[in-house]
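Each chain, letter by letter, is given below.
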Amino acid sequence: MARPLKSGADYFPLDTQMNDKMELIEAEFGLVGFAIVVKLWQKIYAGRGYYCEWNEEVALLFAKKNVVGCNVVSEIISASIRRGIFDSSMYDKYKILTSKGIQR
């Protein structure tokens, strides 16, 4: 029997030197901010590979799985969108988390 097709990626590149956008997230939220963004990237790349839907239920499950409060996750996502880590127009229009870098 043929192996089922897999969506998503098994890995994604993570730079050894973070850009200013990520440095600002870490400056504002500490290592929790850094970790949440990386966990979001894992969710994006492992799922569909280039975006993930984001709504209250997804946020609640994500926060529970990563042992942080929903408000903290929401603040980190807002700051990440504001700083261009995630695409604001795609989030506003489709309620998804993605970016040009992720799309590449």
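Quantities reported herein were computed from a predicted structural model and do not represent experimental measurements. (Residues numbered from 1 in each chain as written. Predicted model: local features only at pLDDT ≥ 70, side-chain atom pairs only at ≥ 80, totals over all residues. Heavy atoms only, no water.)

Novice: Before we go on, may I ask you to explain the side chain of Ser80 in this structure?
Specialist: Position of Ser80 among the secondary structure elements: in helix H3 (residues 70–82). Judged by relative accessible area, Ser80 falls into the buried class, the value being 0%. A distance of 2.8 Å separates a polar side-chain atom of Ser80 from the backbone oxygen of Ile76. When residues no more than four places from it in sequence are discounted, the contact partners of Ser80 are Ile25, Val37, Ile85 and Phe86. (Helix = DSSP H or I, 4+ residues; strand = E, 2+ residues; numbered from the N terminus. Buried < 20%, exposed > 50% of the residue type's maximum accessible area, 1.4 Å probe, protein only. Polar contact = N/O pair within 3.5 Å; in protein donor to acceptor, adjacent residues only side chain to side chain. Contact = heavy atoms within 4.5 Å.)

Novice: What should I look at first to understand H3 in this one?
Specialist: Working note: α-helix, 3.6 residues per turn, so residues spaced by three or four point in the same direction. Across its 13 residues, H3 extends 18 Å between first and last C-alpha, which sits within 8% of the 18 Å expected from 1.5 Å per residue. Those residues of H3 that sit buried are Val73, Ile76, Ile77, Ala79, Ser80 and Ile81. Looking at the residues trailing H3, positive phi occurs at Gly84, about 85°. (Expected span 1.5 Å × (residues − 1).)

Novice: How should I be thinking about the layout of surface pockets in this particular structure?
Specialist: Summary: where empty space remains is shown by rolling a probe the size of a single water molecule over the atoms. By volume, the largest pocket amounts to about 490 Å³. Looking at the lining of the largest pocket, the elements that each hand over two or more residues are helix H1 (20–46) and helix H5 (100–103). Per-element accounting of the lining of the largest pocket gives the leading share, four residues, to H1. Of the residues that constitute the lining of the largest pocket, the class distribution is nine nonpolar, five polar and three charged. (1 Å grid on protein atoms, 1.4 Å probe; cavity = no way out; pocket = protein on both sides within 12 Å on 5 of 7 lines; lining within 4 Å. Points joined across faces, edges and corners; volume = space filled by probe spheres on them. Nonpolar A, V, L, I, M, F, W, Y, C, P; charged D, E, K, R; others polar.)

Novice: Would you explain helix H2 (residues 56–65) in this entry?
Specialist: Buried residues of H2: Ala59, Phe62 and Ala63, and no others. Take H2 and look down its axis: the buried residues cluster within an arc of 100°, on one side only. Exposed positions of H2 whose direction lies more than 90 degrees from the buried face are Glu57, Leu60, Leu61, Lys64 and Lys65. Check the buried side of H2 and you find it contacts H1 and H3. Between a side-chain oxygen at the N-terminus of H2 and the backbone nitrogen of Glu57 the separation is 3.0 Å; the capping residue is Asn55. Just beyond H2, the residue with positive phi is Val67, at close to 55°. (Arc of directions from axis to C-beta.)

Novice: Quick question: what am I supposed to make of the packing of H1 against H3 here?
Specialist: Any two packed helices are characterised by the angle at which their axes cross and by the distance between the axes. Close contact between H1 and H3 brings their axes to 10 Å; oriented N to C, the two are set at 95°. Taken together, H1 and H3 sit at an angle that is classed as roughly perpendicular. In this structure, H1 uses Ile25, Glu28, Phe29, Val32, Gly33, Ile36, Val37 and Leu40 to contact H3, whose residues at the interface are Val72, Val73, Glu75, Ile76, Ile77, Ala79, Ser80 and Arg82. Of the residues that constitute the contact of H1 with H3, the class distribution is 11 nonpolar, two polar and three charged. (Axes fitted to C-alpha atoms, helices over the stretch in contact; angles between N-to-C directions. Parallel < 35°, antiparallel > 145°, perpendicular 65-115°, else oblique.)

Novice: Would you take a moment to explain the pattern of salt bridges for this structure?
Specialist: Once their charged atoms are close, side chains differing in charge can pair, the charge on each being opposite to the other. Per the stated rule, a full pass over the model turns up three salt bridges. One salt bridge connects Glu28 with Arg82, and the closest N-O pair in it is separated by 3.7 Å. Taken as a pair, Glu28 in helix H1 and Arg82 in helix H3 lie far apart in primary sequence, 54 residues in all. Residue Glu28 is classed as partly exposed on the basis of its relative accessible area of 42%. Given a relative accessible area of 56%, Arg82 falls into the exposed group. When the shortest N-O distance is used, the salt bridge between Glu28 and Arg83 registers 2.9 Å. On the criterion of sequence distance, the pair formed by Glu28 in helix H1 and Arg83 in the loop between H3 and helix H4 (88–94) is long-range, its members being 55 residues apart. (Salt bridge = Lys/Arg side-chain N within 4 Å of Asp/Glu carboxyl O.)

Don't take any of this as a statement about function, it's just geometry.
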